[in-house]
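# Descriptive analysis of the structure
Read off the chains here:
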Protein chains: 2
Amino acid sequence: MSLQNQIAELLDRGVSEIHIRKDLEEKLRSGKKLRVKLGIDPSGSDLTLGHAVVLRKMRQFQDYGHHVILLFGTFTGKIGDPTGKSQTRKPMTDEEIAKNMATYIEQAGTILDVSKIEVVKNGDWLKDMTFENVLRLAGSFTVQQMLHRDMFCERMKKVQEINLVEFLYPLMQGYDSVAIKADLELGGTDQTFNLLAGRQIMKAHGMEPQNILTVPILEGLDGKEKMSKSLGNYIALLDSPRDMFGKTMSIPDHLILRYFVLATTVPLEEIKKISTLLKDGENPRNVKARLAREIVSLYHGESVAKTAEEEFNRMFQEKGKPDDMMKITLKNAGHTVLDLVIKSKLVESNSEARRLIQQGAVRIDDEKVEKLEEKVPVQKKMIILQVGKRKFCRIVFSK
Amino acid sequence: MSLQNQIAELLDRGVSEIHIRKDLEEKLRSGKKLRVKLGIDPSGSDLTLGHAVVLRKMRQFQDYGHHVILLFGTFTGKIGDPTGKSQTRKPMTDEEIAKNMATYIEQAGTILDVSKIEVVKNGDWLKDMTFENVLRLAGSFTVQQMLHRDMFCERMKKVQEINLVEFLYPLMQGYDSVAIKADLELGGTDQTFNLLAGRQIMKAHGMEPQNILTVPILEGLDGKEKMSKSLGNYIALLDSPRDMFGKTMSIPDHLILRYFVLATTVPLEEIKKISTLLKDGENPRNVKARLAREIVSLYHGESVAKTAEEEFNRMFQEKGKPDDMMKITLKNAGHTVLDLVIKSKLVESNSEARRLIQQGAVRIDDEKVEKLEEKVPVQKKMIILQVGKRKFCRIVFSK
């Protein structure tokens, strides 16, 4: 591929924003090998297609000979939530962090060439930083600048507490760029502020500030929220081919093209053709099947993808779930099985609902449910409810 | 003095606010000897009657057997102004700090019994504090709390920059109270926020929070602004008896009683009588002379005070400065001598003004001025302009 095409591929596909594009283009054109930074929270979890968006962009840089650095935020991880209120941000032990890092790298290895990455931990330089140096970092910022950040701005308006520690996180993340001499930092669009903080701190240290490239946040299976483990609306990189295929088939139609761009390596030219097909009335189900094949191929290879598709189709036919299944939306406040069956209107009466459940004729996501009062886990964003052999209802839980 | 009277004297005279009064009263009543903290900026300058207000309160505590701790903010002093913009807050060297501390203690010795004070420097514990501990301190605060501080609130409204470092100062000052196990912290009313921060940080460290006692800010000779060296509206503790007397005589009448309460040891009963005298029509000049005597006596002894008064009167009569001297107010934008003479209307024409200045017939604050274009220093709040032997004008510079 010509250098010009490489540059276009790097800077145009699946990119949300570049800061400063002119600088970055110049560096790439000069043939300079860049130090490309990605900061990672070592709190550990399954990586999803959401994480994959930025990792694929990293891989592209790697493919063109740039040096990729995974920076684990071990320092912040060991601190946890300073208010002690949040259960989700307990301080982690060294062992937990090491384990999470290993898991992350294993999963990232499905995308990156891990033999060539550099792995660093910010605890190595932040742990012993003195108060004096913290003050020097803080001195580069005004309170007004911090408050300008979208997230803080919003919380001020909503009168939601912002812990003072949260104003210090950008300093750490920014200093990390100084420590590793980053030329370019990648991140999701929600990280823009922190990435820019890096520029500011590098300038204050007399260094040439890093460029910044942000990628879009991928929506989850529900088509609305950011894909995330905690919302249950995700496809994990380590999902089985079957799950990966099936979950992809469940995304709403309006996300098909976005998933092609952000979650596959199908060339943009090709994606344009698919877009035309859809406009011309092609059944979205067929296009989605292509998408699912592409995604499964990336993580499990083409032949496995083919098998997954066949299996999916067979299961689908056997079960007879119709493609244009009925769909209802409910508030996600811990519904019981009985409640769901009644609301789905797949039965004639409440007593019929009870009887069918007790007879074992009701399934949720292919699992038989027999307890009337059993509750669907609140993190579920969507389920498929089946009553008897032929009646299906897709239930979406809104917030 | 009975314990009850001691307590009243400590908590009622020249006190702006006490937090929490009930707690503090109880501690005092129990006979406990308190560790009383006063934080001092070691940027060094002449102490004034403004500083003396809190030092006198400290002395009272000392007189009743409490332990007084002078805490020098050496850590902050060595950092200076993080933005590098302010010329007034350059980082200080160890030598400068040591010199400023010695000067401070020497001057404070005119009020405190320095043989019994404890002197500490916060650099001793803040210098080696790690980032991790800084974050723990920050974790006790929300951004909203910080913004609530009067000073910050005002600057936000005025769209004036607040450096992020300024949000960290209260953490340092607060942690100092932990380090020295303060029972009580004194300060001017402008320090209330920082003193309260100390309570919060002590609580977070599982300690009983200090009580807080703030004293009023004394107005300077101009009767409006806080007394301060930089505004030139001050009486220094090391001023000569003559200067001290003369400057006191120059305060506006409405400050007489306030100066009695905050700058002398005249009993409150006696001050009430003086107040009645004034209401009954006594010439404020006479009452001011009493005030000046009291102040000079405190720092130089009674007999010196008497001499100073005689000298002042003699000088006054000789110079014939009338008590009801004309007074004008000008904007303090670097007026030239010529300009001032013309504006004072003490001359008939511009050419007369020129001639008189060149002849050496014009004095500003008793100093001859002969250069037409010489400018009065902008920090001056007030001058006395004299033309010839008998014509005087008091010129006040407003902002």
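Here we summarise the structure given alongside this text. Everything quoted here is computed from the prediction, not taken from an experiment.

## Description of the sheet that holds strand β10 (residues 382-387) of chain A
All names here are of chain A.
- Taken in spatial order, the 5 strands of this open sheet run β7-β11-β10-β8-β9, and their pairing is mixed. The open sheet has two edge strands with one neighbour each: β7 (326-331) and β9 (367-368).
- Across 3 bridges, strand β8 (residues 362-364) lies against β10 in antiparallel orientation. Opposite Ile364, over in β10, you have Leu385 as the bridge partner.

## Focus: the sheet that holds strand β9 (residues 367-368) of chain B
- Strand order in the open sheet made by the 5 strands is β7-β11-β10-β8-β9 (chain B), with mixed pairing throughout. Strand pairing shows two members of the sheet lacking a second neighbour, β7 (326-331) and β9 of chain B, which therefore form its edges.

## So, helix α18 (residues 350-358) of chain B
Residues and elements named next belong to chain B.
- Considered for burial, the residues of α18 that qualify are Glu352, Ala353, Leu356 and Ile357. All buried residues of α18 lie within an arc of 130° about the axis, which places them on one face of the element.
- Where α18 is buried, its residues contact α17 (337-344), β8 (362-364) and β10 (382-387).
- Once α18 finishes, Gly360 follows within two positions and takes phi at roughly 80°, a positive value.

## Comments concerning the pattern of salt bridges
All names here are of chain A.
- Taken as a whole and assessed by the stated rule, the structure comprises 46 salt bridges over all chains.
- The salt bridge partner of Lys247 is Asp239, with a shortest N-O separation of 2.9 Å.
- One salt bridge connects Arg290 with Glu294, and the closest N-O pair in it is separated by 3.0 Å. In this pair, Arg290 and Glu294 both sit in helix α15 (residues 284-300), 4 residues apart, roughly one turn of the helix.
- Residues participating in the shared-partner salt-bridge network are Asp12, Arg21, Glu25 and Arg29.

## With respect to the side chain of B:Gln210
Residues and elements named next belong to chain B.
- Secondary-structure assignment places Gln210 in the loop between α11 (192-204) and β6 (211-215).
- With a relative accessible area of 0%, Gln210 lands in the buried category.
- Within polar-contact distance, the side chain of Gln210 engages the side chain of Ser177 at 2.7 Å.
- Here Glu185 takes part through its side chain, which lies 3.0 Å from a polar atom of the side chain of Gln210.
- Among residues more than four places away in sequence, those in contact with Gln210 are Lys37, Ser177, Ala182, Asp183, Leu184, Glu185, Leu195, Gly198, Arg199 and Met202.

Thresholds applied
- Residues numbered from 1 in each chain as written.
- Chains lettered and ligands numbered in written order.
- Predicted model: local features only at pLDDT ≥ 70, side-chain atom pairs only at ≥ 80, totals over all residues.
- Heavy atoms only, no water.
- Pairing = 2+ DSSP bridges.
- Helix = DSSP H or I, 4+ residues; strand = E, 2+ residues; numbered from the N terminus.
- Buried < 20%, exposed > 50% of the residue type's maximum accessible area, 1.4 Å probe, protein only.
- Arc of directions from axis to C-beta.
- Contact = heavy atoms within 4.5 Å.
- Salt bridge = Lys/Arg side-chain N within 4 Å of Asp/Glu carboxyl O.
- Polar contact = N/O pair within 3.5 Å; in protein donor to acceptor, adjacent residues only side chain to side chain.

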